[in-house]
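Here's the letter readout for the chains.
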Amino acid sequence: SDSGGQLPYTSLPFPLTVAVYPDSGGSVTVEQRIAPGGDWKAVADGPLAGTLSADAVDVLQGPVHGLRFTAAVAAATVEIAQ
């Protein structure tokens, strides 16, 4: 069938380890999108929730279509591994 120019639904592989390392004085917010075209929502609970000003690591145990990281004030490093 015609998907209207959109790619078929895929999710990131899981479990997936996500590590966020804000640089000194900076912070990071993490958002997730569950389905293609869905709304970006801030991670609501767990180590990646809220405004991160210290290193944080979590293991995602279920499907997520995408992750978005926004650094403020200083750069940050993000590592993702399956």
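Higher on the page you've got the structure.
Treat the numbers as computed from the prediction; the structure is a model and nothing was measured.

Caption draft 1: Spotlight on the overall build of the chain. Within the chain one finds 0 helices and 7 strands. If you list the helices and strands of the chain from N to C, you get β-β-β-β-β-β-β. Here the chain, with 82 residues, has 23% of them falling under the buried criterion. Relative to all contacts within the chain whose residues are 6 or more apart in sequence, the contacts with residues 24 or more apart total 77%. When the accessible surface of the chain is totalled, it reaches about 5200 Å², and 53% of it is carbon and sulfur.

Caption draft 2: Region of the structure containing the pattern of salt bridges. As enumerated under the stated definition, the model contains 1 salt bridge in all. With a shortest N-O distance of 2.9 Å, Glu31 and Arg68 are connected by a salt bridge. In this pair, Glu31 is assigned in strand β2 (residues 27-33) and Arg68 in strand β6 (residues 66-72), connecting sequence segments 37 residues apart. Among the residues examined, Arg68 registers a relative accessible area of 36% and is labelled partly exposed.

Caption draft 3: Spotlight on the sheet that holds strand β1 (residues 16-22). Spatially, 3 strands are ordered β5-β1-β7 in an open sheet, and the strand pairing comes out antiparallel. Bordering the open sheet on either side are β5 (56-60) and β7 (76-81), each of which pairs with just one other strand. Mean inter-strand twist for the sheet, computed between neighbouring axes without regard to direction, equals 15°. Strand direction decides the pairing type here: β1 and β7, joined by 6 bridges, are antiparallel.

Caption draft 4: Examining unusual backbone geometry more closely. Residue Pro15 follows Phe14 across a cis peptide bond; omega there is 0°. Note that Pro15 resides in the segment before β1.

Caption draft 5: Region of the structure containing the nonpolar core. Ranked by size, the top nonpolar core spans 12 residues in total: Leu16, Val18, Val20, Val28, Val30, Val43, Leu48, Leu52, Ala56, Leu60, Val64 and Leu67. For this core, the secondary-structure elements that each account for two or more residues are β1, β2 and β5. With 3 residues, β1 is the largest single contributor of residues to this core. Among residues more than four places away in sequence, those in contact with Leu60 are Phe14, Pro15, Leu16, Val18 and Leu67.

Caption draft 6: Structural context of the side chain of Ser27. Of note, Ser27 is situated in strand β2. A relative accessible area of 17% means that Ser27 is categorised as buried. Once residues within four sequence positions are removed from consideration, Ser27 is found in contact with Pro22, Thr51, Leu52, Ser53, Thr70, Ala71 and Ala72.

Definitions and cut-offs
- Residues numbered from 1 in each chain as written.
- Predicted model: local features only at pLDDT ≥ 70, side-chain atom pairs only at ≥ 80, totals over all residues.
- Heavy atoms only, no water.
- Helix = DSSP H or I, 4+ residues; strand = E, 2+ residues; numbered from the N terminus.
- Buried < 20%, exposed > 50% of the residue type's maximum accessible area, 1.4 Å probe, protein only.
- Contact = heavy atoms within 4.5 Å.
- Areas by Shrake-Rupley, 256 points an atom, 1.4 Å probe, with all protein chains shown as cover.
- Salt bridge = Lys/Arg side-chain N within 4 Å of Asp/Glu carboxyl O.
- Pairing = 2+ DSSP bridges.
- Axes fitted to C-alpha atoms, helices over the stretch in contact; angles between N-to-C directions.
- Core = buried A, V, L, I, M, F, W, Y, C linked by side-chain atoms within 4.5 Å.

Note that all results are geometric; they support no functional claim without further evidence.
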